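Listed below, chain by chain, are the residues.
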Amino acid sequence: MTEKQQSGAGKRAVCITLESDSGGERIVRQMPGEWFSKGRRAYLRYAEPPEAEMGRTVTTVRVEQGEVRIVRHGDVAFEQTFVPGRRHYGYLQTPQGRLELETFTQTLDVAADGAEAPLSVRWSYELSVMGQAPERCSICLTAVPAPD
């Protein structure tokens with residue numbers, strides 16, 4: 001079996017809940033997705049729902065102890081990494097243009113079985129867009145097995 005076949009063998013349908021708080025605005029979204037693992041990393045992949053207003057965009061979240069990385073492809077492109085106590089630079093590319101992002105991650109808590117969903121990740125950070133004053137943000141991302 002090839003590495004690609006092995007990595008796909010453990011894919012599992014999940015229900016994802018994403019709760020975000022940014023600048024006092026709280027958003028809660030639920031969507032179907034898939035979960036899989038490679039080594040010590042867990043991955044979530046889902047299509048952004050219509051209410052996110054990102055068109056046809058797929059998000060992949062890579063989670064490991066001490067790090068979360070989010071990559072979006074499609075109508076919206078986005079890359080950002082979160083590591084507690086560290087500053088990272090990323091971007092958001094929309095049809096209207098590219099925005100440079102800077103985050104400083106304050107906290108990151110990962111609760112995962114490792115070999116199976118469920119997965120729960122919480123992190124808080126300061127976000128600066130295009131050099132503007134930073135805004136405090138927090139995210140809680142959970143994934144539980146989808147009912148059969």
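Source: prediction; values computed, not measured.

Novice: Can you walk me through the pairing of strand β9 (residues 119-129) in this structure?
Specialist: Two faces make up the sheet, and in a regular strand the side chains alternate between them. Strand direction decides the pairing type here: strand β8 (residues 97-112) and β9, joined by eleven bridges, are antiparallel. Residue pairing in the sheet places Leu108 in a bridge with Trp123 of β9. Where β9 and strand β10 (residues 135-145) come together, nine bridges link them in antiparallel fashion. Across the sheet, Glu126 pairs through a bridge with Arg136, a residue of β10. Between β9 and β10, which pair antiparallel and follow one another directly, the connecting turn spans five residues, one of which, Met130, has a positive phi of 55°.

Novice: Explain the sheet that holds β8 to me, please; I cannot follow it from the model alone.
Specialist: What holds strands together in a sheet is hydrogen bonding between their backbones, with the strands either parallel or antiparallel. If you walk around this closed barrel you meet the ten strands as β1-β2-β3-β4-β5-β6-β7-β8-β9-β10, and the pairing is antiparallel. Going across the sheet, the axis of each strand differs from the next one's by a mean of 25°, ignoring polarity. Judged from the eight bridges that link them, strand β4 (residues 57-64) and strand β5 (residues 67-74) form a sheet pairing that is antiparallel. Bridge pairing in β5 places Val58 opposite His73.

Novice: What should I look at first to understand the packing of aromatic side chains in this one?
Specialist: Centre distance and the angle of the planes are the two values used to describe a pair of aromatic rings. Tallied over the entire structure, the rule returns three aromatic pairs. Consider the rings of Phe82 and Tyr125, whose centres lie 4.8 Å apart with planes at 55°: the pair is tilted. Taken together, the residues Phe82 in strand β6 (residues 77-82) and Tyr125 in strand β9 connect sequence positions 43 residues apart. The buried category is assigned to Phe82, whose relative accessible area is 2%. Here Arg72 stacks its cationic end above the ring of Phe78, 4.9 Å away from the centre of that ring. One cation-aromatic arrangement involves Arg98 over Tyr91; the distance from NZ or CZ to the ring centre is 4.0 Å.

Novice: Would you mind going over the pattern of salt bridges with me for this structure?
Specialist: Oppositely charged side chains are able to pair whenever their charged atoms sit close together. Applying the stated criterion to the full structure yields ten salt bridges. In this structure, Glu19 engages Arg26 in a salt bridge whose closest nitrogen and oxygen atoms are separated by 2.5 Å. We classify Glu19 as partly exposed; its relative accessible area is 28%. Owing to a relative accessible area of 56%, Arg26 belongs among the exposed residues under this scheme. The partner of Arg62 in a salt bridge is Glu64, and the shortest N-O contact between them spans 3.7 Å. Judged by its relative accessible area of 19%, Arg62 is buried. The network of salt bridges with common partners includes Arg41, Arg62, Glu64 and Glu67.

Novice: Any chance you could explain the pairing of strand β7 (residues 87-94) here in plain terms?
Specialist: When β6 meets β7, the two strands line up antiparallel, connected through three bridges. By the bridge assignment for β7, Phe78 is matched with Leu92. Where β6 folds back on β7, the antiparallel hairpin that results is connected by four residues, among which Gly85 adopts a positive phi of roughly 75°. Between β7 and the antiparallel strand that follows it, β8, lie two residues.

Quick notes on the rules
Residues numbered from 1 in each chain as written. Predicted model: local features only at pLDDT ≥ 70, side-chain atom pairs only at ≥ 80, totals over all residues. Heavy atoms only, no water. Pairing = 2+ DSSP bridges. Helix = DSSP H or I, 4+ residues; strand = E, 2+ residues; numbered from the N terminus. Axes fitted to C-alpha atoms, helices over the stretch in contact; angles between N-to-C directions. Phe/Tyr/Trp six-rings, centres within 6.5 Å; stacked < 30°, edge-to-face > 60°. Buried < 20%, exposed > 50% of the residue type's maximum accessible area, 1.4 Å probe, protein only. Lys NZ or Arg CZ within 6 Å of the ring centre and 35° of its normal. Salt bridge = Lys/Arg side-chain N within 4 Å of Asp/Glu carboxyl O.

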